[in-house]
Amino acid sequence: MANAEFGMVGLGTMGRNFLLNVAENGFAAVGFDLSADKRDLLEQEGAGMPVTAASDLATLAASLERPRRIMMLVPAGPVVDSVIGDLLPHLEPGDVVIDGGNSHFPDTARREAFLKEHGIAFLGVGVSGGEEGARRGPSIMIGGDPAVYENVSPILEAVSAKVNGEPCAAHVGRGSAGHFVKMVHNGIEYAMMQLIAEAYDLLKRVGGPTVSEGSSFGSPHVSKGSSQKTNTEIADIFAEWNRGRLNSFLVEITATVLRKTDAETGNSLVDMILDTAGQKGTGKWTSQAAMDLGIPIPAIDAAVTMRQISAQKPFREELSSQFPPIGNWPIDNCQLEEKEVETALYTSFIAAYAQGFSLLRAASDEMGFEFDMIEIAKIWRGGCIIRAAMLEDIRAAFSEEPGLENMIASPRFQSSLSTGREDLRRVVAAGAVAGIPTMAFAATMNYLTALATERLPANLIQAQRDFFGAHTYQRTDREGTFHTDDWDM
Ligand code: 6PG
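The structure presented is a predicted model; accordingly, all values stated were derived computationally and were not measured. The residue count restarts for each chain, going from 1 along the sequence in the order it is written. Under the rules for a predicted model, residues below a pLDDT of 70 receive no local features and side-chain atom pairs below 80 are neither given nor counted, while totals for whole chains, interfaces and linings still include all residues. Hydrogens and waters are ignored; side-chain quantities use all the structure's heavy atoms.

Quick look at the overall build of the protein now. The way it works is that DSSP assigns letters per residue, a run of H or I at least four long becomes a helix, a run of E at least two long becomes a strand, and they are numbered from the N terminus. Across its full length, the protein carries 19 helices and 10 strands. Throughout, radius of gyration means the C-alpha value; the globule benchmark is 2.2 Å times the number of residues raised to the power 0.38. For 489 residues, the compact-globule formula gives about 23 Å, and the C-alpha radius of gyration of the protein, at 25 Å, lands near that figure. Taken over the C-alpha atoms alone, the protein extends approximately 75 × 70 × 45 Å along its principal axes. The buried share among the 489 residues of the protein stands at 52%. In the protein, the proportion of contacts linking residues at least 24 apart, taken out of those at least 6 apart, comes to 69%. Using a 1.4 Å probe, accessible areas were evaluated by the Shrake-Rupley method; residue-level cover was limited to the displayed protein chains. A total accessible area of about 22300 Å² is found for the protein, and carbon and sulfur atoms account for 53% of it. In this tally, Lys and Arg are treated as positive and Asp and Glu as negative; His is ignored, and so are the chain termini. Positions of charges follow a simple convention, taking NZ of Lys, CZ of Arg, CG of Asp or CD of Glu. Taken as two groups, the 41 positive and 63 negative side-chain charges of the protein have centres that lie 2 Å from each other. When accessible area is computed with a 1.4 Å probe and restricted to protein chains, residues below 20% of their type maximum are described as buried, those above 50% as exposed, and intermediate ones as partly exposed. By definition in these notes, contact holds between two residues if any of their heavy atoms fall within 4.5 Å.

Rendered as structure tokens:
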């Protein structure tokens, strides 16, 4: 009977959980997966809900009311194209296909154009929040024709996370806008995760004893041994930070992760995990898009770079014996207070969002997405991985000044950034003295410092370019383009 209101292709954890969420919200749902086990699991977990499993795509299509709404939650890449190819014979003009995976935005534009030739509508939708989010309420970033979105908005808004009763689902722009916004979300996610990891490393290695007032940086009296904090102590610190202005999903889960004991060894589980981080590509795509648009996002680039360096484990092991830790620097002089690390992290989080939003601004202008930053900040407040209390401030900053090019110029962040950059410098300096890599903190510090530097040494770069390539230069004292023939005379 063709009465299901929403279909799902791909019943992995994300697809199954999303579909159960749809059904739990009262929409009749049907799901398909090639795996019979996954179909069975859907029916078991969905017992008592209006959800069924279809054993093939023809049955899925036949079960859906017209126009059909079918979401795919399958791995990004060629699988999406193959599912579209398999679905197509079962679709009719007017049907809506939704890609809810982390697809690369140029693929989304291509797929929309392809399906349009067949009269099929296509929405590229970013879904964030992991398994739990999919089941209980994700953040949903919808891209495509707004009229098509009207057709699915009651379902997507119902299943999304809510903050103060407002759904964390919105149409963010045409074409590939949804996947572009999700990509930038993930870029910010990479930066925040790397910054948290660096904060953890600093606390662990030069975290120093808790001092109630003043800065301990530079103090010659703190002994090296006292700087070693346990994972449980660091978990307590993150939990405390999470109760303050750093309140966020990623800080919260960091505290939880650091408390976990390995059942096999009895050690802290995080200590038993190999230090090589994988990546599926969204962070790298964010860096690539930013490079193409000429927008600096160094903390995100640093996070991608650090995942790459982490993956070079055998080479790092080899090199660490060639270049053992620097021993003759005054390590005892680089103890950090928790508060300094907290401030550096908060400052860097602001800068990470600023980099992401400035990329969205450029993409909006250059690629015609017409992003509404207030709306994007609003739907990132709940459900997604980068949800954080500070998104309320970000939303307010864009409400006060909708044309804001870069959040760091907003008066709302003026005082936090002014004081925060001092602690950020201290944290980076401590890392440098102790030989602890702080790629993301350092990138953030340099981003903030460089953007606030009136005269950079790019004059010399202009001169060099003119010397070897006659690329010309501008002058400080008058308008025009100049070239010097006789640089070496
Ligand atoms: C989310 C996450 C999710 C996924 C990342 C992981 O918003 O729910 O970002 O999409 O966990 O894609 O990406 P990496 O494997 O690249 O870290």
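We now examine the site of the ligand. Whether a residue is near a molecule or strand is decided by its heavy atoms; if any one of them lies within 4 Å of it, the residue is near. With respect to spatial proximity, 14 residues lie near the ligand, and among them Asn-102, Ser-128, Glu-189, Tyr-190 and Arg-307 are the closest. Here a polar contact means two N or O atoms within 3.5 Å. Within protein one must be a hydrogen donor candidate and the other an acceptor candidate, and residues neighboring in sequence count only if both atoms are side-chain atoms. A distance of 3.2 Å separates an oxygen atom of the ligand from a polar atom in the backbone of Gly-130. Lys-280 has a polar backbone atom sitting 2.7 Å from an oxygen atom of the ligand. Here the ligand loses 80% of its free accessible area of 410 Å² to cover by the protein chains.

Moving on to the side chain of Ser-139. Mapped onto the secondary structure, Ser-139 falls in strand 7 (residues 139-143). A polar contact of 2.6 Å, which involves the side chain of Ser-139, links it to the backbone oxygen of Ile-379. Not counting residues up to four positions away in its chain, the partners in contact with Ser-139 are Gly-126, Val-127, Ser-128, Cys-168, Ile-379, Trp-380, Gly-382, Gly-383 and Cys-384.

Turning next to the domain arrangement of the protein. Each assigned domain of the protein is listed with its residue range as follows: domain 1 (6-175), domain 2 (184-451) and domain 3 (458-489). When each unit is reduced to the centre of its C-alpha atoms, the spacing between domain 2 and domain 3 is 39 Å. An automatic or database domain assignment provides the domain bounds reported here.

Given 3.6 residues per turn, any residue in an α-helix points the same way as the ones three and four places further on. A rise of 1.5 Å per residue sets the reference length of helix 12 (residues 298-311), with its 14 residues, at 20 Å; its end C-alpha atoms lie 20 Å apart and thus fit the reference within 8%. Ala-299, Ile-300, Ala-302, Ala-303, Val-304, Met-306, Arg-307 and Ser-310 are the residues of helix 12 that are buried. Structurally, helix 12 contributes buried residues whose contacts are with helix 8 (177-206), helix 11 (282-293), helix 13 (313-322), helix 14 (338-367) and helix 18 (439-451). Given the number of residues in a helix, its expected span is that number minus one, multiplied by 1.5 Å.

Moving on to the environment of Gln-279. Locating Gln-279 in the fold gives a position in the loop between helix 10 (249-259) and helix 11. The class of Gln-279 is partly exposed, set by a relative accessible area of 33%. Along the chain, Gln-279 and Ala-311 lie 32 residues apart, while their C-alpha atoms are 9.8 Å from each other. Setting aside chain neighbours within four positions, we find Gln-279 in contact with Tyr-190, Val-304, Arg-307 and Gln-308.

Glancing now at unusual backbone geometry. Cis peptide bonds are those with omega within 30 degrees of zero, and the linkage from Arg-66 to Pro-67 qualifies with -15°. One can find Pro-67 in the loop between helix 3 (57-63) and strand 4 (69-72). Of note in this structure, Thr-472 is not a glycine but carries a positive phi near 70°. Mapped onto the elements, Thr-472 comes out in the segment after helix 19 (458-469). Residue classification places Thr-472 among the partly exposed residues on the basis of a relative accessible area of 24%.

Burial along strand 4 is two-sided: Arg-69 and Met-71 and Ile-70 and Met-72, pointing in opposite directions, are all buried. In this analysis, strands are considered paired if DSSP registers two or more bridges between them. Sheet topology places strand 4 next to strand 5 (residues 96-99); four bridges connect them, and they run parallel. Its bridge partner lying in strand 5, Ile-70 is registered against Val-97. When the strands point away from the viewer and the connection leading from the first strand across the helix to the second strand turns clockwise, the crossover is called right-handed. The parallel pair strand 4 and strand 5, bridged by helix 4 (residues 78-87), forms a crossover whose chirality is right-handed.

The next point concerns the packing of helix 12 against helix 18. Packing of helix 12 against helix 18 brings their axes to within 8 Å, and their N-to-C directions diverge by 160°. Looking at the two axes, helix 12 sits roughly antiparallel to helix 18. Crossing hand, helix 12 versus helix 18: right-handed. Contacts from Pro-298, Ala-299, Ala-302, Thr-305, Met-306 and Ile-309 in helix 12 reach Met-439, Ala-440, Ala-443, Thr-444 and Tyr-447 in helix 18. Each residue is assigned to one of three groups, with Ala, Val, Leu, Ile, Met, Phe, Trp, Tyr, Cys and Pro labelled nonpolar, Asp, Glu, Lys and Arg labelled charged, and all others, Gly among them, labelled polar. For the contact of helix 12 with helix 18, the residue count by class is nine nonpolar, two polar and no charged. Note on definitions: angles span 0 to 180 degrees between N-to-C directions of axes, and those axes are lines fitted to C-alpha atoms, for helices only across the stretch in contact. Here the angle decides the label: under 35 degrees means roughly parallel, over 145 means roughly antiparallel, 65 to 115 means roughly perpendicular, and every other value means oblique. Whether a crossing is left-handed or right-handed is set by the direction in which the near helix is turned from the far one by less than a right angle, anticlockwise for left-handed and clockwise for right-handed.

Our next topic: the sheet that holds strand 2 (residues 29-32). Across the sheet, eight strands lie side by side as 3-2-1-4-5-6-7-10; this open sheet has mixed pairing. The sheet is open, and its two edges are formed by strand 3 (51-54) and strand 10 (169-173), each paired on a single side. For this sheet the average axis-to-axis angle between neighbouring strands, irrespective of direction, equals 25°. Taken together, the three bridges between strand 1 (residues 6-9) and strand 4 define a ladder with parallel strand orientation. Bridge pairing in strand 4 places Met-8 opposite Met-71. Those strands touched by helix 4 are strand 1, strand 4, strand 5 and strand 6 (121-128), and its axis lies near 155° from that of strand 4. In the packing of helix 8 onto the sheet, contacts are made with strand 5, strand 6, strand 7 and strand 10, and the angle to strand 6 comes to roughly 15°.

With that settled, the discussion passes to the state of the cysteines. Working definition: a disulfide is two cysteine sulfur atoms within 2.5 Å of each other. For the structure shown, the criterion picks out zero disulfides. Free cysteine Cys-168: the closest other cysteine sulfur is in Cys-384, separated by 7.4 Å. On the basis of relative accessible area, Cys-384 is assigned to the buried category, the value being 0%.

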